[in-house]
Amino acid sequence: MAPEGSVLVLGGHGFVGRHVCAAFAQRGRRVIVAGRRPSPRPSQYPFVRMDLAMLSAAELTAELERLRPGIVINTVGSIWGRSAEEMWAAAALPTQRLISALSSLSFRPRLVHLGSVLEYGHVAPGTTVGPHTVPRPDTAYGRAKLAATETAVRAMRSGAVDGMVLRLANIAGPGAPAISLLGQVAERLAACVGRDEVAEVRLSPLSAYRDYVDVRDAAEAVIAAAFATEHVGVIVDIGRGEAIPVRSLVDLLIKLSGVPARVVEQGSKPLVPDWLQLDIRPAMRLLGWRPRRTIAESVRDYWADVRPSGVQQQTRA
C-alpha cells in the first residue's frame, strides 16, 4: 500500500531535493520542504525551518508529530572543502538525530534516505560495486555518509523505522551546483559567450571514470523507493551502470555551448585512475526503475539552464 499523507523533503532546496519535490508534486502529493533556511529562490512548497544538526531528538520528534508526514525523504548532505568535524556535523549527525526521532513517533512514515557512492571509497578499475561490496570510504564525506546510512539501515532492519536507502551515483542535469565539475566549466564558458576569445578552463586532472545519472532519473528512483513499501532496510544503488571518462562530460559541455575553449589540467595525474561503476540490477528488480535519460541529455539540459539569457543553444562542428 502506498504511504498516505504529505511528503516531507529534508534538504528540499538542494540540487537533488528540488527535483524530488517536483516529482512528488507532479503526482499530486502535498510537498513540505524542511531546511536550515528558506530558499532565496521562489518556491511553491510550504517551508519549515528544521536544522537537524541543532534540534534535539525530542524537539525533532515534536515537530514531526505536528507535521505527521506519510513520507520523509532525507537528501541532507554537504559540500567539499570542509574539515572532518564539519563534515560529520553536516552529513552524519543530522541523519542520526532524524532516525532517533523517527523511531519514537506515534506513527510510521516511510523514509527514503539518500546515501552516496563515495561511501564505497576507492575501487579497482574495471570492477562494479553493489550490494556485495564492502564500503571502505577514503574521504571525510564518504565516512560521514556511510555512518548515516548504517544508522538508517540498523533502525530499518530492527523494525524501528520503515524505509530503504538509495546510494546515488554522481548526479548531472539542470540545477547542478556551481561547485560541481560541470558547474566549474559552465561558469567559464558563460563568461565568454558572445566574446571573441577562447575560454580557458582550468581543472584538476580529468583521468577519472565515473558513473553519472540524471538528477530527474534519480528523483524517479526516490518516488519508486517511497512506494516500494514491501522492501525495508534494503540498500539500492542508483546510477547508469556504466563508468564514463569525466573528460567526455567536459568536452560535451564545451561542444554544446559553442564557445571555443581550451582545457588546462593542473596537477599530476594519479597512477591508477579513479573508477566507479554501479550495479543497478537490484534497482531494476526491486523498484522497476531504470535510467531513461542519456548523459548527452543531462549535459544539454544543464547548459540550457545556465547559459546567459538570450543565448540560443548552439553546437560547434
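Being a predicted model, the structure only gives us computed values, none of them experimental.

## Notes on the overall build of the chain
Point 1. Counting secondary structure elements, the chain contains ten helices and 13 strands.
Point 2. Relative to the compact-globule value of 20 Å for 317 residues, the chain shows a C-alpha radius of gyration of 20 Å, a close match.
Point 3. Here the chain holds 317 residues, and the buried ones make up 52% of them.
Point 4. Counting only contacts in the chain whose residues sit at least 6 apart along the sequence, the fraction spanning at least 24 positions is 79%.
Point 5. With the model as given, the accessible surface of the chain reaches about 14,300 Å², and the carbon-plus-sulfur share is 51%.
Point 6. Each charge sign in the chain was given a centre, from 38 positive and 29 negative side chains, and these centres are 2 Å apart.

## Some words on the pairing of strand β4 (residues 71-74)
Note on strand geometry: in a regular strand, side chains alternate between the two faces of the sheet.
Point 1. With burial as the criterion, each face of β4 is covered, one bearing Ile71 and Ile73 and the other bearing Val72 and Asn74.
Point 2. As defined by bridge partners, strand β1 (residues 7-10) adjoins β4 across four bridges and the pair is classed as parallel. Each bridged residue has a counterpart across the sheet, and for Val9 the counterpart in β4 is Ile73.
Point 3. Pairing geometry for β4 and strand β5 (residues 110-116), over four bridges, is parallel. Following the sheet pairing, Ile71 is matched in β5 by Arg110.

## Re helix α10 (residues 295-306)
Because the α-helix completes a turn every 3.6 residues, residues three or four places apart line up on one side.
Point 1. For α10, built from twelve residues, the straight-helix expectation of 16 Å at 1.5 Å per residue is met to within 8% by its first-to-last C-alpha distance of 17 Å.
Point 2. Among the residues making up α10, those that are buried are Ile295, Ser298, Val299, Asp301, Tyr302 and Trp303.
Point 3. In this fold, the buried residues of α10 make contact with β7 (170-172), α6 (181-192), β10 (212-214), α7 (215-227), β12 (244-245) and α8 (246-257).

## Structural notes on the nonpolar core
Side chains of nonpolar character tend, in soluble globular proteins, to be buried together.
Point 1. In this structure, Phe24, Ile73, Leu166, Ile238, Leu253 and Leu287 are the most contacted members of the largest nonpolar core, which totals 73 residues.
Point 2. Residues within four places of Ile73 in sequence aside, it is in contact with Val7, Leu8, Val9, Leu10, Val20, Phe24, Val112 and Val222.
Point 3. Counting residues in each nonpolar core, the second largest holds 25 residues, with Leu64, Phe107, Leu111 and Val165 among its members.

## Focus on the environment of Ala124
Point 1. With respect to the element layout, Ala124 can be found in the loop between β5 and α5 (140-158).
Point 2. A relative accessible area of 41% means that Ala124 is categorised as partly exposed.
Point 3. Note: C-alpha distance between Ala124 and Asp274 (150 residues apart in sequence) is 8.1 Å.

## Observations concerning the pattern of salt bridges
Point 1. With the rule as written, the count across this model stands at 19 salt bridges.
Point 2. The partner of Glu265 in a salt bridge is Arg247, with the nearest N and O atoms 2.9 Å apart. One end of the pair, Glu265, is in strand β13 (residues 261-265); the other, Arg247, is in helix α8, with 18 residues separating them in the sequence.
Point 3. Under the relative-accessibility criterion, Arg247 is labelled partly exposed at 28%.
Point 4. Salt-bridge contacts for Asp279 lead to Arg281; the nearest nitrogen and oxygen are separated by 3.0 Å.
Point 5. With relative accessibility at 9%, the residue Asp279 sits in the buried group.
Point 6. One network of salt bridges, with partners in common, ties together Asp214, Arg216, Arg300 and Asp301.

## Quick word on the packing of helix α1 (residues 15-26) against α7
Point 1. Between α1 and α7, the least distance of the axes is 9 Å, while the angle of their chain directions is 60°. When the axes of α1 and α7 are compared, the pair comes out oblique. α1 and α7 meet at a crossing whose hand is right-handed. Contacts between α1 and α7 involve Phe15, Val16, His19, Val20, Ala23 and Phe24 from the former and Val215, Arg216, Ala219, Val222, Ile223, Ala226 and Phe227 from the latter.

Conventions we followed
Residues numbered from 1 in each chain as written. Predicted model: local features only at pLDDT ≥ 70, side-chain atom pairs only at ≥ 80, totals over all residues. Heavy atoms only, no water. Helix = DSSP H or I, 4+ residues; strand = E, 2+ residues; numbered from the N terminus. Rg over C-alpha atoms; globule rule 2.2 N^0.38 Å. Buried < 20%, exposed > 50% of the residue type's maximum accessible area, 1.4 Å probe, protein only. Contact = heavy atoms within 4.5 Å. Areas by Shrake-Rupley, 256 points an atom, 1.4 Å probe, with all protein chains shown as cover. Lys, Arg positive; Asp, Glu negative; His and termini not counted. Charge placed at Lys NZ, Arg CZ, Asp CG, Glu CD. Pairing = 2+ DSSP bridges. Expected span 1.5 Å × (residues − 1). Core = buried A, V, L, I, M, F, W, Y, C linked by side-chain atoms within 4.5 Å. Salt bridge = Lys/Arg side-chain N within 4 Å of Asp/Glu carboxyl O. Axes fitted to C-alpha atoms, helices over the stretch in contact; angles between N-to-C directions. Parallel < 35°, antiparallel > 145°, perpendicular 65-115°, else oblique. Left-handed = near helix turned anticlockwise from the far one by under 90°.

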